[in-house]
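Spelled out from the first residue to the last, the chains are:
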Amino acid sequence: MYEEKNLNYDESESQAFLRKNSNLRIDEFVRKLSEYDVISFDVFDTLIFRPFSAPTDVFYLIGDSLGIMDFKNIRIKAEYDARIKRRELSGDMEIGIADIWNELEAEVGIPAGRGISLEEETEKELCYANPFMLEVWKLLRAMGKRLFVVSDMYLPESIIEELLKNAGFDGAERIFVSCEYHKSKADGKLYTEVLNVFSHEKKMPSIIHIGDNPHSDVKMAL
């Protein structure tokens, strides 16, 4: 359920992004995107970075705050169990953070409300903007482009919106999060929700999606 990446020891993740994309100039990238009416963005590892090589490493910090050893593995298992229960009940595996912490409350006795608040606050403290994409976002917004956000995530839309605003990404017209629609980018169904936004418009706008996952952000978007 999680994507892994190599940890940069000698430079920041922002510097590494710019180095790997040294042939990608902001003005040229923005010019290409500006050819479309709607620009859709993935969130994590696209607009926003976390200071970890694996997303689940954040659970080490949460476990330390709770005083629970091996919390990372406990948290991963609770999410897996919640997804399996959701699949058996409804056929999909898209869950919210409350589903996960209800499992954890039964497992370790931590009140779900406390755990949810701690995890959300930890994410707010750690997430920061990809500076390249922040500049791209600001330029596109200044052009009056329609900016959408589409994410496979268990955090609710309100928290995703707050993470984005904290990082400087203001002005998203719509935010689509898999846990709220019980549809994902990974199976392509969340993109149908994006398209439904334009069903009442006289003409379907041209749309481009930007993300880092070859399957979810490229193949399924196409």
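The rules behind these values
Residues numbered from 1 in each chain as written. Predicted model: local features only at pLDDT ≥ 70, side-chain atom pairs only at ≥ 80, totals over all residues. Heavy atoms only, no water. Core = buried A, V, L, I, M, F, W, Y, C linked by side-chain atoms within 4.5 Å. Buried < 20%, exposed > 50% of the residue type's maximum accessible area, 1.4 Å probe, protein only. Helix = DSSP H or I, 4+ residues; strand = E, 2+ residues; numbered from the N terminus. Contact = heavy atoms within 4.5 Å. Phe/Tyr/Trp six-rings, centres within 6.5 Å; stacked < 30°, edge-to-face > 60°. Lys NZ or Arg CZ within 6 Å of the ring centre and 35° of its normal. Salt bridge = Lys/Arg side-chain N within 4 Å of Asp/Glu carboxyl O.

## Here's the deal with the nonpolar core
Okay, step 1: In this structure, F41, L47, I48, W101, I160, L164 and F169 are the most contacted members of the largest nonpolar core, which totals 51 residues.
Okay, step 2: With six residues, helix 7 (residues 131-142) is the single largest residue contributor to this core.
Okay, step 3: Once residues within four sequence positions are removed from consideration, L164 is found in contact with V43, L47, I48, V149, F169 and I175.
Okay, step 4: Ranked by size, the runner-up nonpolar core spans nine residues in total, among them F176, Y191, V194 and V197.

## Quick word on the packing of aromatic side chains
Okay, step 1: As enumerated under the stated definition, the model contains eight aromatic pairs in all.
Okay, step 2: Feature note: the residues F148, F176, Y181 and F198 constitute an aromatic cluster, connected by ring pairs.
Okay, step 3: Just above the ring of F44 sits the side chain of R50; from NZ or CZ to the centre is 4.2 Å.
Okay, step 4: If you follow R75 out to its NZ or CZ, it ends over the ring of Y154, 4.9 Å from the centre.

## Observations regarding the pattern of salt bridges
Okay, step 1: Within this structure, the stated rule accounts for 18 salt bridges.
Okay, step 2: In this structure, the salt-bridge partner of K85 is E103, at a minimum N-O distance of 2.7 Å. One end of the pair, K85, is in helix 4 (residues 71-90); the other, E103, is in helix 5 (residues 97-108), with 18 residues separating them in the sequence.
Okay, step 3: Each member of the salt-bridge network shares a partner with another, and the members are R75, E79, R83 and E119.

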